[in-house]
Amino acid sequence: MSMAQPGMVQPAMQRADIAFEVNGAAVSVSVPPVRRLSQVLRDELRLTGTKVGCDAGDCGACTVLLDGDPVCACLVPAASVSGASVTTVEGLANGRLSALQASFLEHGAAQCGICTPGLLVAATALLERNPTPSEAETQDALGGVLCRCTGYRKIIAAVMDAASFDGEPPKVSAAPHPPAGTFSPYSDGEKGSAPALTLPSPRPSRGEGKGEGQRQPCRLDRDLDYRSPDVGHAVGASPIRLDGVPKVTGGERFGGDSFPADALAVLVVRSPHYHARFSFGDLWAWADAHPGIAGVFTAADVPGKNCFGVIGPFADQPALAEGFARFRGEAVALVAGEREAILDLDLTDFPIAWTELPHLLHPREARADGAALIHKHRPANLLTSGYVERGDPDGALAGAAVTASGTIETSFVEHAYIEPEAGYAYMDGDTLVVVACTQAPYMDRDDTAKVLGLPVDKVRIVPTATGGGFGSKLDVSLQPLIGLVAMKTGRPAALAYTRNESMMSTTKRHPAEMQATIGADAEGRVTGMVFSGDFNTGAYASWGPTVANRVPVHASGPYLTPNYRATGYAIHTNGPIAGAFRGFGVPQATIMQETLYDELAGKLGMDRLDFRLKNCLRNGSETVTGQRLESGVGIGECLEALQPHWSRALAEAEAFNATNTASKRGVGVASCWYGCGNTSLPNPSTIKVGISGSGEVILHQGAVDIGQGSNTVITQICADALGLPLEKFRLKSADTAITPDAGKTSASRQTFVTGKAAEKAGRALREKILRFANVSDQATIALDGANISIHEGDAARRVDLSALKADADGLVFVAEETYDPPTLPLDARGQGKPYAVYGYGAQIAELEVDLRLGTVKLIKITAAHDVGKAINPMLVEGQIEGGIAQGIGMALMEEYIPGRTENLHDYLIPTIGDVPPIEHILVEIPDPEGPFGAKGLGEHVLIPTAPAILNAIRHATGVLITKVPATPSRILAAILEKEARL
């Protein structure tokens, strides 16, 4: 047992008056000379366009210009800018967007937007000295800024193309300020903001690859026709994203960007051990010895049930640990105080005593006989398991002409979104309001209410913009913590995680240990498969049950497998909590299956792509759960679309390898399928849309946009269903007090499920209007100010909306619709209809391996994805590129090791130089369940990337890497082992 020794109370840091220039204006601040410039800009000057992602110079989100040179503001002490000139993202626009900002919008180069200001500032410095940079020059200039969403390719294109945006700018026009709780997609979205910015004239639009939708003008404000799709043609067009302007101006408000000035700052005391017992000393005395501390809070202060979890029956995680901690980074106490006191606070003397306990980090240890139980009610440390069985897999494998067997091990993968968790809470009367980044506001509301002992209608969750999520921001993090402080003190409470505590405490992708055998007949048709996987779910349940159940459904890949058995186990350890991460375990299982498919093709003497085409699902096929797929199965078309690219890549690799010995080129292919939405569970979304007395279409859009584009896509769907143009829409974004529940943003469900609800709501509203006018469904409607015109043939009717009775929301016509995908439960053998819609895709990876170093150079990735209907082709491309970048990281570099890689310096994610050119092939095989035939996409695009890369490495070297990621040391070791055997 050890006890931290009390320390001396540190005096408040001395301040100095520092004068400098920001965006052309003289400013002066009184701050400690060593205060970070990023803090000065954000906290003193409220220039929150400068983002903070790491406070270590690793992510580049805080990039500003200092006397014209790009620097990380988090590394610059305030004293060093005395007399200098600083330019932030807010200074790039002067009544109009810069050409670069306009190019970012045109190219879809901003997704979540958290890294966009840093990229824009760094690129501005480049363009000022070189207006027409090459791709290499662009990559070099932007290499210090990390992006987790876009895959960088559209960023490169936007920077290189910025010079094309020229011409006289239109005049600035003032867009109407949106009502409280709404934002207009055609202004900067800030209540009480400055007049809307306008754009420079763009270059003529051009198609950029197969599947690119017709690029149409969309309005950014009422006077500027920029690219507005015609009525009825929003779906399939690529208007710039409706929330795009604030992303490029710095006006977007993320979790840490709008803390109240009087908010208490909160620090979290976390376990430094994987497993430990702890006890507190005299907390009152410690608080009294530190001026400015308002309170210290522990589990004893939690008024409700100190337990949360995303899946109710498995909920097991305390908001604040009670007596002992189960993983490194677990929260055990909160310290709240005045902002300056918390900035200066040293927690090394915090009165807590720790006793380390034995810990289990690996599933093999946790499942061993006699292993200590992490949760007493879960024998053998088994959280749960999933199972699917069909036919006679053992008999099929025994009778197969050829079989392939193998094992694959994957690692923890960190989400590494550039925005750490942040938010604030306050009491509004007897209602707790939490304003924070999230992917699931209604789930946050329910868990926060339970922990804090409040009725759910006394908790309101107001999502901010979310700077990346990818699954980890589905779980509550700081919501109940800041809520507790706000309740106990009566003051607003604000908390922004540091990069270190974000990476320590939040969920990861499940590491997996998988074994499988697949058999085929002499003609190359798969006859049977057996799969088993242990998934390290860490200390608490999180989304472990979903992973365990989804993996067995998907482990066959999108292929006809008549005899099949698959089991997925979620095993508790004292490692990081493993939860949702873009694919819910399917990316891991696909590596196992797709690498064995290559081996089978080799044993049969078949082309690897042809082998997949022979076995892929088609319309009328039955899946491993016995679900008959009547229509909408597009995997065959995806593979067929890749055939010419496959032939070219193989020929180029053969030619390269004939003349090179130090490096070898390889080509790999892999496929994917993914069920959209929850597995065999209710999964509803509700959308409300109405027309106000002033003639605006108000869309209650509760699907949180984390960068994927749901604000835009769902509005496009609703616009076409209603028959009115996008420019008439105003969005009431996700807020549990004002928007219906559109479900969580995960599992590739928002375009499909919420989009379907939006389609239904739009059609229902249209029907109400037509019925009011007593016309048929062939009529057209149009809004002109406060009037609505209905035309049918030569007949016309004009209705004064302001004369109609409005409801409490000011709506004179309104419709609300819910959609829940039709699914059926899985029986004891895993047979049933787990999903209503599946998406499909296939990718080719081309690369070179340096045989002396084990390094991999990616040359190109070609991606064919069946999206059913590309609602917005540009956003589809952005999802494909971003998912591929994360797949590259999973395949080649990303390996989270607790205690060692808890920052963005030691934990490597792809940079702008790591993502090769990507060619998209958008395949559209409509599914009758989807809105306008659309399917989900977000998870699918990551799934084939890693197995395609691993198959390409084997093609180049003759060795399969069975421990992922395939780092240079592992590749070189495998090559040397192969050579030793020879």
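As the structure is a prediction and not an experimental result, all values here were calculated from the model. (Residues numbered from 1 in each chain as written. Predicted model: local features only at pLDDT ≥ 70, side-chain atom pairs only at ≥ 80, totals over all residues. Heavy atoms only, no water.)

(A) Representation of the overall build of the protein chain. A tally of helices and strands in the protein chain yields 22 helices and 34 strands. Here the protein chain has a C-alpha radius of gyration of 28 Å; the compact-globule value for 982 residues is 30 Å, and the two agree. On the principal axes, the C-alpha backbone points of the protein chain span a range of 90 × 75 × 60 Å. Taking all 982 residues of the protein chain together, the buried fraction comes to 64%. For the protein chain, long-range pairs separated by at least 24 residues make up 77% of all intrachain contacts whose partners lie at least 6 apart in sequence. Entry remark: accessible area of the protein chain is about 33,100 Å², with carbon and sulfur atoms responsible for 52%. Computing the positive centroid from 85 side-chain charges and the negative centroid from 110, the protein chain places the two 3 Å apart. (Helix = DSSP H or I, 4+ residues; strand = E, 2+ residues; numbered from the N terminus. Rg over C-alpha atoms; globule rule 2.2 N^0.38 Å. Buried < 20%, exposed > 50% of the residue type's maximum accessible area, 1.4 Å probe, protein only. Contact = heavy atoms within 4.5 Å. Areas by Shrake-Rupley, 256 points an atom, 1.4 Å probe, with all protein chains shown as cover. Lys, Arg positive; Asp, Glu negative; His and termini not counted. Charge placed at Lys NZ, Arg CZ, Asp CG, Glu CD.)

(B) Seen up close, the pattern of salt bridges. Taken as a whole and assessed by the stated rule, the structure comprises 50 salt bridges. With a shortest N-O distance of 2.7 Å, glutamate 877 and lysine 154 are connected by a salt bridge. Of this pair, glutamate 877 sits in helix H20 (residues 873-892) while lysine 154 sits in helix H5 (residues 153-161), and the two are 723 residues apart along the sequence. Overall, the relative accessible area of 7% leaves lysine 154 in the buried class. Linked by salt bridges that have partners in common, Arg15, Arg35, Asp43, Glu44, Arg339 and Glu340 make up one network. (Salt bridge = Lys/Arg side-chain N within 4 Å of Asp/Glu carboxyl O.)

(C) Examining the packing of helix H2 (residues 99-107) against H5 more closely. For the pair H2 and H5, interaxial distance at closest approach is 8 Å and the crossing angle is 140°. Here H5 runs oblique to H2, going by the angle between their axes. Helix-helix and strand crossings are classified by hand; for H2 and H5 the assignment is right-handed. Contact residues: Leu100, Ser103, Phe104 and His107 in H2; Lys154, Ile155, Ala157, Ala158, Val159 and Asp161 in H5. In the contact of H2 with H5, the residues fall into 6 nonpolar, 2 polar and 2 charged. (Axes fitted to C-alpha atoms, helices over the stretch in contact; angles between N-to-C directions. Parallel < 35°, antiparallel > 145°, perpendicular 65-115°, else oblique. Left-handed = near helix turned anticlockwise from the far one by under 90°. Nonpolar A, V, L, I, M, F, W, Y, C, P; charged D, E, K, R; others polar.)

(D) Region of interest: the sheet that holds strand S19 (residues 493-496). Pairing within the open sheet is mixed, and its 7 strands lie in the order S9-S11-S7-S19-S16-S17-S18. Both outer strands of the open sheet, strand S9 (293-297) and strand S18 (459-463), are each paired with one neighbouring strand and no more. Each adjacent strand pair in this sheet contributes to an overall mean axis angle of 25°, direction not counted. Pairing of strand S16 (residues 422-428) with strand S17 (residues 431-436) involves 6 bridges; the strand directions are antiparallel. Paired with alanine 425 across the bridge in S17 is valine 434. Contacts from helix H11 (residues 441-452) reach S17 and S18, with the element oriented near 145° to S18. (Pairing = 2+ DSSP bridges.)

(E) The arrangement of the packing of H11 against helix H12 (residues 479-489) in detail. The geometry of H11 relative to H12 is characterised by a closest axis approach of 9 Å and an angle of 50° between their N-to-C directions. Our classification of the angle between H11 and H12 gives oblique. Handedness of the H11/H12 crossing: right-handed. On H12, the residues touching Asp444, Thr448, Val451 and Leu452 of H11 are Gln479, Pro480, Gly483, Leu484 and Met487. Grouping the amino acids of the contact of H11 with H12 by side-chain chemistry returns 5 nonpolar, 3 polar and 1 charged.

(F) View of the nonpolar core. Within the largest apolar cluster, 155 residues are counted, with the highest numbers of intra-cluster contacts made by Phe104, Phe531, Ile635, Ile949 and Ile953. Counting residues in each nonpolar core, the second largest holds 46 residues, with Val235, Leu722, Leu731 and Leu801 among its members. (Core = buried A, V, L, I, M, F, W, Y, C linked by side-chain atoms within 4.5 Å.)

(G) Seen up close, the side chain of aspartate 161. Mapped onto the elements, aspartate 161 comes out in helix H5. Within the structure, the side chain of aspartate 161 is placed 3.0 Å from the side chain of histidine 107, a separation counted as a polar contact. (Polar contact = N/O pair within 3.5 Å; in protein donor to acceptor, adjacent residues only side chain to side chain.)

(H) Spotlight on the pairing of strand S3 (residues 25-31). Relative to S3, strand S2 (residues 16-22) runs antiparallel, the two being bridged by 7 bridges. By the bridge assignment for S3, isoleucine 18 is matched with valine 29. The loop that links S2 with its antiparallel partner S3 comprises 2 residues; one of these, asparagine 23, has a positive phi angle of about 55°.

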